[in-house]
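If you want the building blocks of each chain, they are given just below.
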Amino acid sequence: MKGDRVEIVVDAVDTTKAYEVVASRAGRRVETAVRRGVVEVSEVTRAGSVVRTARFMANRVLALVEHPVARADESERPLGDVPRS
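These lines cover the structure that appears in this document, whether it is placed above or below. (Residues numbered from 1 in each chain as written. Predicted model: local features only at pLDDT ≥ 70, side-chain atom pairs only at ≥ 80, totals over all residues. Heavy atoms only, no water.)

### Things to note about the overall build of the protein chain
Phase 1 of the analysis: The helix and strand inventory of the protein chain stands at 0 helices and 6 strands.
Phase 2 of the analysis: N-terminal to C-terminal, the α/β element order of the protein chain is β-β-β-β-β-β.
Phase 3 of the analysis: For the protein chain, the proportion of its 85 residues judged to be buried stands at 22%.
Phase 4 of the analysis: Look at the contacts in the protein chain between residues 6 or more apart in sequence, and 36% of them connect residues 24 or more apart.
Phase 5 of the analysis: Total accessible area computed for the protein chain in this model is approximately 6500 Å², and 49% of it derives from carbon and sulfur atoms. (Helix = DSSP H or I, 4+ residues; strand = E, 2+ residues; numbered from the N terminus. Buried < 20%, exposed > 50% of the residue type's maximum accessible area, 1.4 Å probe, protein only. Contact = heavy atoms within 4.5 Å. Areas by Shrake-Rupley, 256 points an atom, 1.4 Å probe, with all protein chains shown as cover.)

### Some points on the pairing of strand E3 (residues 29–35)
Phase 1 of the analysis: Across 7 bridges, the pairing between E3 and strand E4 (residues 38–44) is antiparallel. Across the sheet, the residue bridging to Val34 is Val39, located in E4.
Phase 2 of the analysis: In this structure, the hairpin formed by E3 and E4 is closed by a connection of 2 residues, where Arg36 is found at a positive phi of approximately 50°. (Pairing = 2+ DSSP bridges.)

### Remarks on the nonpolar core
Phase 1 of the analysis: Core analysis: the biggest nonpolar cluster contains 11 residues, these being Val6, Ile8, Val10, Val21, Ala23, Val30, Val39, Val41, Ala54, Phe56 and Val61.
Phase 2 of the analysis: Taken together, the elements giving at least two residues each to this core come down to strand E1 (5–12), E4 and strand E5 (50–57).
Phase 3 of the analysis: Here this core gets 3 residues from one element, more than from any other, and that element is E1.
Phase 4 of the analysis: With residues near it in sequence (within four places) discarded, Val6 still touches Tyr19, Glu20, Val21, Val30, Thr32, Val41, Leu64, Val65 and Glu66. (Core = buried A, V, L, I, M, F, W, Y, C linked by side-chain atoms within 4.5 Å.)

It is worth stressing that arrangement in space is one thing and function is another; only the former is reported here.
The structure is reproduced here in structure tokens:
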């Protein structure tokens, strides 16, 4: 969903570097995957096409933080919350 973002902090030998991948348009989302020692963070469209991808060696990643946007969807409503009529 637009506004979803993922922050990645990477060890760069004598310092750290921070990167951010953001779902920049409506209908896009950010997906993360760890495969074969590589962390991939991708911005994906509704249809599943990858718009851009950031790849990092897993042993260099210090932190990976996902920041989802608060959704006003009924499906996201807490279980005890009753809709008002």
